[in-house]
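Observations on chain architecture
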Amino acid sequence: MMTVTKIKIDEQTLLCQVGEPLLDALLRENIDVSHGCRQGACQSCMLRSLKGKPPAEAQHGLKDGLKQQNYFLACLCYPEQDMEIAYTHHRDYVTHATVKAKQMLNPEIMQLVIETDEELDYYAGQFVNLKRDDGLTRSYSISNHRMHGRQLSFHVRRLMGGQFSEWAHQELQIGDRLAVSEPQGLCYYQSGQPQQNLLLIGTGSGLAPLAGIISEALHDGHRGEIHLYHGSSDMNGLYWSEEMRSLQQRYQNFHYTPCISRGEPPAGIAKGRAHEIAFKDCSALKGWRVFLCGHPDMVSSSKRQAFLAGASMADIYADAFHVASSSVD
Amino acid sequence: MTESLYDQLGGEAAVNAAVDIFYRRVLNDHRINRFFDNVDMEQQAAKQKAFLTMAFGGPNDYTGADMRQAHAKLVNNGLDDSHFDAVMEHLTGTLEELNVPQNLIDQVAAIAESTRDDVLGR
Ligand code: FES
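Everything numeric here is computed off the predicted structure, so don't read it as measured data.

This brings us to the overall build of chain B. When helices and strands are tallied, chain B shows seven helices and zero strands. Scanning chain B from its N terminus toward the C terminus, one meets helices and strands in the order α-α-α-α-α-α-α. Along the three orthogonal principal directions, the C-alpha set of chain B runs to about 45 × 30 × 25 Å. Every one of the 122 residues in chain B was classed for burial, and the buried ones make up 45%.

Structure, rendered in structure tokens:
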């Protein structure tokens, strides 16, 4: 039976009439939702359902990753039952975790391993928000693949004056507790199309999600070529080179190029910016999947370059949050 | 009832196929790509998609006033007929690349052409 439905968005609740698109109901209540075509074409009215699957028609044309995370288009949405929705991600904390290990990966980046109380449904390359007792919160990418279940690891770069990272480096102890948000973000490996070539470019601790994506891809039996370019201004910013090299030895289709942009690199390290070297090596990207993480300028210019080199827009993945995490450079 | 131009072209799938080709052509064109500096790729792609949907005669919310407003800044920065012509060129080029029959290309071009004065704020 069709009835009027109750829609909760943030602190507000409104009614959506039968046969009324959700977008119209929101606009009628002066809730400012961006929109354009009102026909499911422009995708500017994308919202997210916080409780359960949205109606299937409302997900028409969205990327699989978005569908899985219950994103939908408000202009195509005729609610069948009450809904709780949000603009993007809700910031609710879903579980708690215990610190299991801390280990320095280089002079400024620490690997932090935590074990969550409950199992999280995540993809390597997604990020979570970590919150300490007093509410201080930061986002970190998950650097391990999914088979670890409750175990999550992160690369925490110590930022000058960075409240959370300083504290995590210096004071956080094994056994301490943290609140953990739901995994978020669309920059992750999706199985299917195992023959597709992958290009991954990261700077600094942007390696964390990329390393997770690579291990998930290899674990999944990815057969296409996988090219990783990791860059930093100097040798201090590079890390995990040994791990990546041994991965390269084990998997013929994995290629690793560490790069530094300042000074003379030692043997085995390329000289220049990671993305410039990457696009020189991989100049025809038609049919490739591209993952970008790190400095915001690098990410935005690489997005365009990858697209112009032939990668389809839908195959270019980058997460906005890395802007925040890398803005202090 | 005759099928709409949008449906004849292949509907949304056709728009999706066209948007990458069209946008890549536009960004590669030194005559016009400065107008796209400093814009977010995703947002811009969404606009390209809305534009193509409209040009294909598909469902859209096109109003002349919106078009004017959206391009007013660019007109101030020198957007003129020559740039509009370049975009038209890429629109037809894209459709040719997709092997769309000439009579449909002509219809698409006519719809896009009808926005010229609004886009250029006249
Ligand atoms: S308004 Fe364009 S997709 Fe909803």
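Residue and element names in this part refer to chain A. Side chains of Val4, Leu15 and Val18 sit close together on the surface and give an oily, nonpolar patch of about 230 Å² of accessible area. For valine 18, the location among the structural elements is in the loop between strand E2 (12-16) and helix H1 (22-28). What makes valine 18 partly exposed here is its relative accessible area of 44%.

On the side of chain B, 21 residues touch chain A, which itself brings 18 residues to the contact. Note on chain A versus chain B: buried area summed over both sides is about 1,600 Å², and carbon and sulfur give 54% of it. Among the residues of chain A in contact with chain B, Arg304, Phe307 and Met313 of chain A are the three that bury the most area, contributing 38% of the side total. Counting every contact that joins chain A to chain B gives one salt bridge. Notably, a salt bridge pairs aspartate 37 of chain B with arginine 304 of chain A, separated by 3.8 Å at the nearest N-O pair. On inspection of chain A and its partner chain B, the count reaches seven residue pairs in polar contact (both at pLDDT 80 or more). Each residue belonging to the side of chain A that touches chain B can be placed in one class, and the counts come to seven nonpolar, eight polar and three charged.

What follows concerns the sheet that holds strand E15 (residues 270-271) of chain A. All names here are of chain A. The strand order across the open sheet formed by six strands is E15-E14-E13-E12-E16-E17, and the pairing between neighbours is parallel. The sheet is open, and its two borders are formed by E15 and strand E17 (316-318), each paired with just one other strand. In terms of strand pairing, strand E12 (residues 198-203) meets strand E16 (residues 289-293) through five bridges, oriented parallel. When the bridges of E16 are listed, leucine 199 appears paired with valine 290.

Let us look at the packing of helix H5 (residues 81-97) of chain B against helix H6 (residues 102-113) of chain B. All names here are of chain B. Here H5 crosses H6 at 155°, and the two axes come no closer than 10 Å. Here H5 lies roughly antiparallel to H6, going by the angle between them. Handedness of the crossing formed by H5 with H6: right-handed. Every residue of H6 that contacts H5 at Phe84, Met88, Leu91, Thr92, Leu95 and Glu96 is listed here: Gln102, Ile105, Val108, Ala109, Ala112 and Glu113. In terms of residue class, the contact of H5 with H6 is built from eight nonpolar, two polar and two charged.

Per the counting criterion, the structure on display carries 20 salt bridges over all chains. Lysine 271 of chain A is the salt-bridge partner of glutamate 264 of chain A, the closest N and O atoms lying 3.4 Å from each other. Residue glutamate 264 of chain A shares its accessibility class with lysine 271 of chain A, and that shared class is exposed. Through salt bridges with shared partners, a single ionic network connects Asp81, Asp85, Glu113, Arg116, Asp117 and Arg122 of chain B.

To continue, consider the pairing of strand E8 (residues 127-131) of chain A. Residues and elements named next belong to chain A. Burial analysis of E8 places four of its five residues in the buried class, the great majority of the element. Pairing of E8 with strand E9 (residues 137-141) involves five bridges; the strand directions are antiparallel. Residue leucine 130 lies in a different strand from E9, and its bridge partner there is arginine 138. Hairpin geometry of E8 and E9 is characterised by an intervening segment of five residues between the two adjacent antiparallel strands and by a positive phi of about 100° at glycine 135.

Moving on, we get to the UniProt feature "binding site: heme" (unreviewed entry) in chain B. Residues and elements named next belong to chain B. Under the feature "binding site: heme" (unreviewed entry), the UniProt entry names His71. Relative to the assigned elements, histidine 71 resides in helix H4 (residues 64-76). In this structure, histidine 71 is in contact with Leu79 and Val119, ignoring residues within four places of it in sequence.

The rules behind these values
Residues numbered from 1 in each chain as written. Chains lettered and ligands numbered in written order. Predicted model: local features only at pLDDT ≥ 70, side-chain atom pairs only at ≥ 80, totals over all residues. Heavy atoms only, no water. Helix = DSSP H or I, 4+ residues; strand = E, 2+ residues; numbered from the N terminus. Buried < 20%, exposed > 50% of the residue type's maximum accessible area, 1.4 Å probe, protein only. Patch = residues over 30% accessible without salt bridge, like charges linked within 9 Å, V, L, I, M, F, W, Y side chains within 5 Å. Areas by Shrake-Rupley, 256 points an atom, 1.4 Å probe, with all protein chains shown as cover. Salt bridge = Lys/Arg side-chain N within 4 Å of Asp/Glu carboxyl O. Contact = heavy atoms within 4.5 Å. Buried area = accessible area lost by both parts, 1.4 Å probe. Polar contact = N/O pair within 3.5 Å; in protein donor to acceptor, adjacent residues only side chain to side chain. Nonpolar A, V, L, I, M, F, W, Y, C, P; charged D, E, K, R; others polar. Pairing = 2+ DSSP bridges. Axes fitted to C-alpha atoms, helices over the stretch in contact; angles between N-to-C directions. Parallel < 35°, antiparallel > 145°, perpendicular 65-115°, else oblique. Left-handed = near helix turned anticlockwise from the far one by under 90°. UniProt positions renumbered as here; feature names shortened; annotations may be inferred.

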